[in-house]
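Examination of the molecular architecture
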Amino acid sequence: MRFTILLLICALMTGCSRHEPDQRIVLGFSQVGAESAWRQANTESIKSAAATSNIKLLFSDAEQNQENQIAAIRDFIRQRVDVIAFSPVVATGWDEVLTEARAAGIPVILTDRAVTSDPALYAGFLGSDFVEEGRKAARWLVTQFDDSMAAVHIVELRGTPGSAPATDRKRGFEEILAQHPRFHIVRSESGDFSREGGKAAMDSILKSGERPIHALYAHNDDMALGAIESLERAGLKPGVDVRIISIDAVRAAFEAMIAGKLNATVECNPLLGPQLMTSVTEVVAGRPIAKRIVVDEEAVFTADTARQLIQTRKY
Ligand code: AHR
């Protein structure tokens, strides 16, 4: 009797003796940061998909710093998680830590952004085709100016330097522009994928006297929204004086399109959580996953589609 009471007290105090050990898969996930509405939707998708898949998620925010991300991955290795996933801040500089994960026998899945490392160092990469997104933006833009304009001046706001989406979205955009010689990128600045960064970059471009600006191509919606504020402050009408296209298709971009300040946005789907959890379950079961899983359903939205879809837009 006294023994049973002692056991009960121990169980209440430590929670140990009467519970089964946690049998869930443990996933260590290192996120880029919280720089944009897209990123916040992506984080939410990963957290909720882990919860519904009964996967224990160790989540770490790198605050857009590669060193933080490498430290987080090393920490996951120390904790001997079952799988590591991460969305790399930049594309280069991962060989060492990926080799360490492999030596520890922990599979790594890349989400959202690619790296330049040997694909043998990771199990698979799940994310959008950023080059194609850049092409889509350019294909739309070249239809917006009639042939009477001899030269169309474009300002480009790039994402985080060295990140896969910044490199690829530029490449895809320029690939299409090369077929349309009257379109010129007259300025290209980084806004680091954030609204404040987009505003600051556009402020400095306007302050330098850059004119005329016929079009703006921003690598994400947040930077376009920041630039819109800057253009308005300078007395220009965004969406009218300057035709604007960006990438992501978040709710705030839909609102800006309905207000006539943004003209189009290319969808980049942030809801990667469910597909990531499927891949995690597969690698833990010892089954191979595709080296490259491309996220589909990436449309180009304009004000008309924004009006129809705004009520159902979740992020
Ligand atoms: O890697 C995806 C990009 O990163 C999104 O377009 C952007 O909003 C985010 O910060």
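Everything that follows concerns the structure shown earlier in this document.
Predicted model only: the values in this text are computed from it and were never measured. (Residues numbered from 1 in each chain as written. Predicted model: local features only at pLDDT ≥ 70, side-chain atom pairs only at ≥ 80, totals over all residues. Heavy atoms only, no water.)

1. Things to note about the pattern of salt bridges
Using the following cut-off: Salt bridges are defined as contacts in which a side-chain nitrogen from Lys or Arg sits within 4 Å of a carboxyl oxygen from Asp or Glu. In this text, helices come from DSSP runs of H or I with a minimum length of four residues, and strands from runs of E with a minimum of two, each type numbered from the N-terminal end. Relative accessibility decides the category of a residue: with a 1.4 Å probe and only protein chains considered, values under 20% of the type maximum give buried, values over 50% give exposed, and everything between is partly exposed.
In total, this model carries 26 salt bridges according to the counting rule given. Residues Glu132 and Arg135 are paired through a salt bridge, measuring 2.6 Å at the closest nitrogen-oxygen approach. Taken together, the residues Glu132 and Arg135, both in helix H5 (residues 130-141) and three residues apart, mark about one turn of the helix. The residue Arg307 makes a salt bridge to Asp304 at a minimum N-O spacing of 3.2 Å. Of this pair, Arg307 and Asp304 both sit in helix H11 (residues 303-309), separated by three residues, roughly a single helical turn. A residue is classified by how much of its surface remains accessible, and Arg307, at 47% relative accessible area, is partly exposed. The network of salt bridges with shared partners includes Glu35, Arg39, Asp112 and Arg113.

2. Some remarks on the site of the ligand
Heads up, the rule is: Being near a molecule or strand, for a residue, comes down to having at least one heavy atom within 4 Å of it. By the criterion applied in these results, polar contacts are pairs of N or O atoms within 3.5 Å in which, for protein atoms, one can donate a hydrogen and the other can accept it, and in which residues neighboring in sequence qualify only through two side-chain atoms. Only the protein chains shown count as covering a residue, and every accessible area follows the Shrake-Rupley method with a 1.4 Å probe. All residues other than Ala, Val, Leu, Ile, Met, Phe, Trp, Tyr, Cys, Pro, Asp, Glu, Lys and Arg, Gly among them, are scored as polar; the first ten of these are nonpolar and the last four charged.
Near the ligand, the surroundings consist of Glu35, Ser36, Trp38, Arg39, Asp112, Arg113, Phe130, Pro165, Arg169, Phe193, Asn220 and Asp248. A distance of 2.4 Å is found between an oxygen atom of the ligand and a side-chain nitrogen or oxygen belonging to Glu35. When the ligand is considered free in solution it has 280 Å² of accessible area, and contact with the protein chains removes 100% of it. Only helix H2 (37-52) and helix H6 (164-177) provide two or more residues apiece to the shell around the ligand. In terms of residue class, the shell around the ligand is built from four nonpolar, two polar and six charged.

3. Some thoughts on the sheet that holds strand S8 (residues 215-218)
Rule in force here: In this scheme, strands are said to pair when DSSP sees at least two bridges between them. Each axis is a line fitted through C-alpha atoms, and for a helix only the stretch in contact is used; angles between axes span 0 to 180 degrees, taken between their N-to-C directions. Only heavy atoms matter for contacts: two residues are in contact if any of them lie within 4.5 Å across the pair.
The mixed open sheet is built from six strands, whose spatial order is S7-S6-S8-S9-S10-S12. Two strands bound the open sheet, and with one partner strand each, they are strand S7 (183-190) and strand S12 (300-302). Here the strands of the sheet are splayed against their neighbours by 20° on average, with no regard to which way each runs. Of the pairings in the sheet, the one linking strand S6 (residues 152-158) to S8 comprises four bridges and is parallel in character. Pairing of Leu157 across the sheet is with Ala218, part of S8. Of the strands in this sheet, strand S10 (264-267) and S12 are in contact with helix H9 (residues 251-258), which crosses S10 at around 155°.

4. Things to note about the environment of Ser128
Within the secondary structure, Ser128 is located in the loop between strand S5 (124-127) and H5. For Ser128, a relative accessible area of 4% puts it in the buried group. In this structure, the C-alpha to C-alpha distance between Ser128 and Ala218, residues 90 residues apart in sequence, is 17 Å. Look past the residues within four positions of Ser128 in its chain and what remains in contact with it is Asp112, Glu133, Cys268, Asn269, Arg292, Val295 and Glu298.

5. Describing the side chain of Thr111
Topologically, Thr111 is positioned in strand S4 (residues 108-111). In contact with Thr111, other than residues within four places in its own chain, are Phe29, Ala85, Phe86, Ser87, Pro88, Phe125, Leu126, Leu272 and Leu276.

6. Considerations on the packing of aromatic side chains
To be explicit about the condition: The rule is short: rings of Phe, Tyr and Trp, with Trp giving its six-membered ring, pair when the centres are within 6.5 Å, and they are stacked under 30 degrees, edge-to-face over 60, tilted in between. Here, a charge over a ring is recorded when the distance from Lys NZ or Arg CZ to the ring centre is within 6 Å and its angle to the ring normal is within 35 degrees.
Using the criterion set out here, one finds five aromatic pairs in the structure. Where Phe145 meets Phe183, the ring centres are 6.1 Å apart and the plane angle is 70°; that geometry is what we call edge-to-face. Of the two residues, Phe145 is situated in the loop between H5 and S6 and Phe183 in strand S7; the sequence distance between them amounts to 38 residues. The ring of Tyr122 has Lys291 sitting right over it, with the charged end atom 5.4 Å from the ring centre.

7. Observations regarding the packing of H5 against H6
Definition in use: Each angle is binned into one of four classes, with values under 35 degrees roughly parallel, values over 145 roughly antiparallel, values of 65 to 115 roughly perpendicular, and all other values oblique. Helix crossings fall into two classes, left-handed where the near helix is turned counterclockwise from the far one by less than a right angle and right-handed where it is turned clockwise.
For the pair H5 and H6, interaxial distance at closest approach is 6 Å and the crossing angle is 40°. When the axis of H5 is compared with that of H6, the two are oblique. H5 and H6 meet at a crossing whose hand is right-handed. Side by side, H5 and H6 meet where Phe130, Val131, Glu133, Gly134, Arg135, Ala137, Ala138, Arg139 and Leu141 of the first sit next to Ala164, Pro165, Asp168, Arg169, Arg171, Gly172, Phe173, Glu175, Ile176 and Leu177 of the second. Residues of the contact of H5 with H6, tallied by class, amount to ten nonpolar, two polar and seven charged.

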